[in-house]
Amino acid sequence: SIKTDDNEDIFDLMPFFALAHHIYKNKLDYVMKNPNNLGMIQESKYLMQIYKNKNLSQDDLATLFGQSKGTIAKHLRTLEDEGYIIREVDDNNRRKYILNTTEKGDRLAVLKINELNEWNDKVGVSELDEEIIQKIRNIARKSGEILKDL
């Protein structure tokens, strides 16, 4: 654990959002340094969602991850070019694309899910009870609602 000059644990001093940022950053570093790193660091979160939730759209992913459609499009292009996903025009809305994984994408998604589960087990995320997870979801929900009111 990292200590201050006064021998305090630095994590005891961090505000909640700094902790969340630190966890996310460390997870990315863990994946990058893992000798079994499969690559596709940024794209893998989208691939896993597409794998778990068939027939998502680019708009769905932008909403889920709170990112711009342009950012999502860039990563989806990589996934599509590498043969991990396919985009199909939505029959109900010709301007909308439905996303699904290919067989190659299914295989990578399963590996990435296992990699994520390993991280979650090592750091204790999988030990969090549903009440804590729901509280964190509510914080995220409220933070979005506050922005809408501005």
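Look up: the structure comes first, before these words.
From a predicted model like this one, the values you see are computed outputs, not experimental measurements.

Concerning the packing of helix 3 (residues 41-52) against helix 6 (residues 103-123)
And then number 1: It is the contact of helix 3 with helix 6, at a shortest axis distance of 9 Å, that shows an interaxial angle of 110 degrees. Between helix 3 and helix 6, the angle falls in the class roughly perpendicular. Crossing of helix 3 against helix 6: the hand is left-handed. Here helix 3 contributes S44, L47, M48, Y51 and K52 to the contact with helix 6, which in turn contributes G105, D106, L108, A109, V110, K112, I113 and L116.
And then number 2: Looking at the contact of helix 3 with helix 6 residue by residue, the classes come out as 8 nonpolar, 2 polar and 3 charged.

A look at the nonpolar core
Across soluble globular proteins, you tend to see nonpolar side chains buried next to one another.
And then number 1: With 15 residues, the main nonpolar core has L47, L61, L76, L79 and I85 as its most contacted residues.
And then number 2: Counting only elements with at least two residues in this core, the list comes to helix 3, helix 4 (58-65), helix 5 (69-81) and helix 6.
And then number 3: Residues within four places of L47 in sequence aside, it is in contact with L79, Y84, I85, T101, G105, L108 and A109.
And then number 4: The next biggest cluster of nonpolar side chains, apart from the first, holds 5 residues, and it includes Y30, V31, I41 and W119.

Reading guide: rules and limits
- Residues numbered from 1 in each chain as written.
- Predicted model: local features only at pLDDT ≥ 70, side-chain atom pairs only at ≥ 80, totals over all residues.
- Heavy atoms only, no water.
- Axes fitted to C-alpha atoms, helices over the stretch in contact; angles between N-to-C directions.
- Helix = DSSP H or I, 4+ residues; strand = E, 2+ residues; numbered from the N terminus.
- Parallel < 35°, antiparallel > 145°, perpendicular 65-115°, else oblique.
- Left-handed = near helix turned anticlockwise from the far one by under 90°.
- Contact = heavy atoms within 4.5 Å.
- Nonpolar A, V, L, I, M, F, W, Y, C, P; charged D, E, K, R; others polar.
- Core = buried A, V, L, I, M, F, W, Y, C linked by side-chain atoms within 4.5 Å.
- Buried < 20%, exposed > 50% of the residue type's maximum accessible area, 1.4 Å probe, protein only.

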